[in-house]
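# Inside the fold
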Amino acid sequence: MNPQAKLIFTISLLMGTTITISSNHWVMAWAGLEINTLAILPLISKSHHPRAIEAATKYFLTQAAASALVLFSSMTNAWYTGQWDITQLTHPTSCLVLTTAIAMKLGLVPFHFWFPEVLQGSSLTTGLLLSTIMKLPPIALLYMTSNTLNPTLLTSMAILSAALGGWMGLNQTQIRKILAFSSISHLGWMTIIIVYNPKLTLLNFYLYALMTTAVFLTLNSINALKLSTLMTTWTKTPALSAMLFLTLLSLAGLPPLTGFLPKWLIIQELTKQNMALAAVAISILSLLGLFFYLRLAYCATITLPPHTTNHMKLWHTSKPTSSSISILTTVSATLLPISPLISTMI
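Predicted, not measured: the structure shown is a model, and the values here were computed from it. (Residues numbered from 1 in each chain as written. Predicted model: local features only at pLDDT ≥ 70, side-chain atom pairs only at ≥ 80, totals over all residues. Heavy atoms only, no water.)

### Section: empty space enclosed by the protein
Taken as a whole, this structure holds 2 cavities of 30 Å³ or more when the rule is applied. Taken as a whole, the largest cavity spans an internal volume of roughly 70 Å³. Along its surface, the largest cavity is lined by Leu 33, Asn 36, Thr 37, Tyr 59, Gln 63, Lys 105, Trp 114, Phe 115, Leu 130, Met 134, Lys 135 and Pro 138. For the lining of the largest cavity, the secondary-structure elements that each account for two or more residues are α2 (26–44), α3 (50–81) and α5 (114–121). For the lining of the largest cavity, the leading source of residues is α2, giving 3 residues. Of the residues assigned to the lining of the largest cavity, the class counts are 7 nonpolar, 3 polar and 2 charged. There is about 50 Å³ of room inside the second largest cavity. As for the second largest cavity, its lining consists of Ser 185, His 186, Trp 189, Leu 251, Ala 252, Lys 263, Ser 286, Gly 289 and Tyr 293. Looking at the lining of the second largest cavity, its residues break down into 4 nonpolar, 4 polar and 1 charged. (1 Å grid on protein atoms, 1.4 Å probe; cavity = no way out; pocket = protein on both sides within 12 Å on 5 of 7 lines; lining within 4 Å. Points joined across faces, edges and corners; volume = space filled by probe spheres on them. Helix = DSSP H or I, 4+ residues; strand = E, 2+ residues; numbered from the N terminus. Nonpolar A, V, L, I, M, F, W, Y, C, P; charged D, E, K, R; others polar.)

### Quick word on the layout of surface pockets
Volume-wise, the largest pocket comes out at about 160 Å³. Trp 189, Ala 252, Gly 253, Leu 254, Phe 260, Lys 263, Trp 264, Ile 267, Ser 283, Ser 286, Leu 287 and Leu 290 together form the lining of the largest pocket. Those elements that provide at least two residues to the lining of the largest pocket are α13 (260–272) and α14 (276–302). Considered class by class, the residues forming the lining of the largest pocket number 8 nonpolar, 3 polar and 1 charged.

### What to know about the packing of helix α7 (residues 136–145) against helix α10 (residues 198–222)
At a closest axis distance of 10 Å, the pairing of α7 and α10 adopts a crossing angle of 170°. With respect to α10, the element α7 is oriented roughly antiparallel. Every residue of α10 that contacts α7 at Leu 136, Ile 139 and Tyr 143 is listed here: Pro 198, Lys 199, Thr 201, Leu 202 and Phe 205. Counted by class, the contact of α7 with α10 contains 6 nonpolar, 1 polar and 1 charged residues. (Axes fitted to C-alpha atoms, helices over the stretch in contact; angles between N-to-C directions. Parallel < 35°, antiparallel > 145°, perpendicular 65-115°, else oblique. Contact = heavy atoms within 4.5 Å.)

### Some details on unusual backbone geometry
At the junction of Val 109 and Pro 110, the peptide bond is cis and its omega measures out at 5° in the coordinates. Summarising the element assignment, Pro 110 is placed in the loop between α4 (92–106) and α5. With omega at 5°, the peptide bond leading from Pro 255 into Pro 256 counts as cis. For Pro 256, the position within the fold is in the loop between α12 (238–252) and α13. One non-glycine residue with positive phi stands out, namely His 48, at about 60°. Along the chain, the position of His 48 falls in the loop between α2 and α3. Look at His 48 and you get exposed, because its relative accessible area is 66%. Even without being a glycine, Asn 274 presents a positive backbone phi close to 60°. Take Asn 274: it is sitting in the loop between α13 and α14. Taking the relative accessible area as the measure of exposure, Asn 274 reaches 74% and is therefore exposed. (Buried < 20%, exposed > 50% of the residue type's maximum accessible area, 1.4 Å probe, protein only.)

### Observations regarding the nonpolar core
Counting 98 residues, the largest nonpolar core has Tyr 59, Leu 130, Leu 219 and Leu 230 as its most contacted members. Residue contributions to this core peak at 12 residues, all from α14. Formed jointly, this core draws a minimum of three residues from each of two domains, domain 1 (1–136) and domain 2 (150–308 + 320–345). Not counting residues within four places of it along the chain, the set of residues in contact with Leu 219 comprises Leu 124, Ile 175, Leu 179, Ala 224, Leu 230 and Leu 244. (Core = buried A, V, L, I, M, F, W, Y, C linked by side-chain atoms within 4.5 Å. Domains from an automatic or database assignment.)

### Digging into the domain arrangement of the chain
Assigned domains of the chain: these are domain 1 (1–136) and domain 2 (150–308 + 320–345). Of note, the centres of domain 1 and domain 2, computed from C-alpha atoms alone, are 23 Å apart. Counting residues at the interface gives 25 residues for domain 1 and 28 residues for domain 2. For the pair domain 1 and domain 2, the two sides together bury roughly 2,300 Å², of which 78% comes from carbon and sulfur. In terms of surface lost to domain 2, no three residues of domain 1 exceed Val 109, Gln 120 and Leu 124, which account for 30% of the buried area on that side. Here domain 1 is connected to domain 2 by 1 salt bridge. Lys 177 is paired through a salt bridge with Glu 117; the nearest N and O atoms lie 3.5 Å apart. (Buried area = accessible area lost by both parts, 1.4 Å probe. Salt bridge = Lys/Arg side-chain N within 4 Å of Asp/Glu carboxyl O.)

### Remarks on a nonpolar patch on the surface
Among the surface-exposed residues, Val 27, Met 75 and Trp 84 lie close enough to one another that they form a single nonpolar patch of about 260 Å² accessible area. Inspection of the secondary structure puts Met 75 in helix α3. (Patch = residues over 30% accessible without salt bridge, like charges linked within 9 Å, V, L, I, M, F, W, Y side chains within 5 Å. Areas by Shrake-Rupley, 256 points an atom, 1.4 Å probe, with all protein chains shown as cover.)

Listed below in structure tokens is the structure:
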């Protein structure tokens, strides 16, 4: 892709995200979401592979439908209440339609089917954008309207997302699909707490984005798309593979790594809200995700490649690891000790 075109699309992406998260009016928020969608489409389809074109088409249709629902929800609310302010969404039908629209935008169960397919058809860098920055505007809208949404509906969707995200990721061999189901599972954790403590949702999203960025950049650096390719990387970049191992375990939420912090705080908050049953359910369901993270970590570091491989072995390169990967993987493993500071901020 032409560098100038890529720069324009990247700036549009950032501008669309900024417009949505900083707007008070529903039409401005909708416009930001549309700019975001139109900016990411060329980045998904830039390889001209049939799977990439298919992914871009699926993404466009899903996001267009979700944006139409956002507009319909806000117009219905304005018709009944006269309010276009995002925080003044009070009509029950509007709240229900908006929950559906944001679930489609994010890829929450039962509107999750497009996300693994789109991620599988994209490159790792585009997949990183889809998993992190493209999730920020819908989460910002969810944050601003959280006090009027239906808690029972959100809790049900969250537990289903954690269940399906863990269950569907178990049998995958494609790393991008595993990371897509991982994202769905993490979105369940973010959604279950949004009504009770929205700041915890944002904290969970920031830490998830940080750890996912570390994983995607590492995989992009070692050029691994399948588990069989991941098995051969230990001999190539042992230090990077060891840090990938820790980052994956952090994504799984194992103590004493960074990923344990949001899960710990969310379970604590759910218990305070007399939702111990939901906390137990989502904690048990996260064990499904732990299995495929351990599987990825095992393939990345512990296994030796088999003698008869059915793929081309990658040549050993002396390309230095970028400083951004070093910083992100280190932070992904070591933030838990500052949890008292973070808990005082929220």
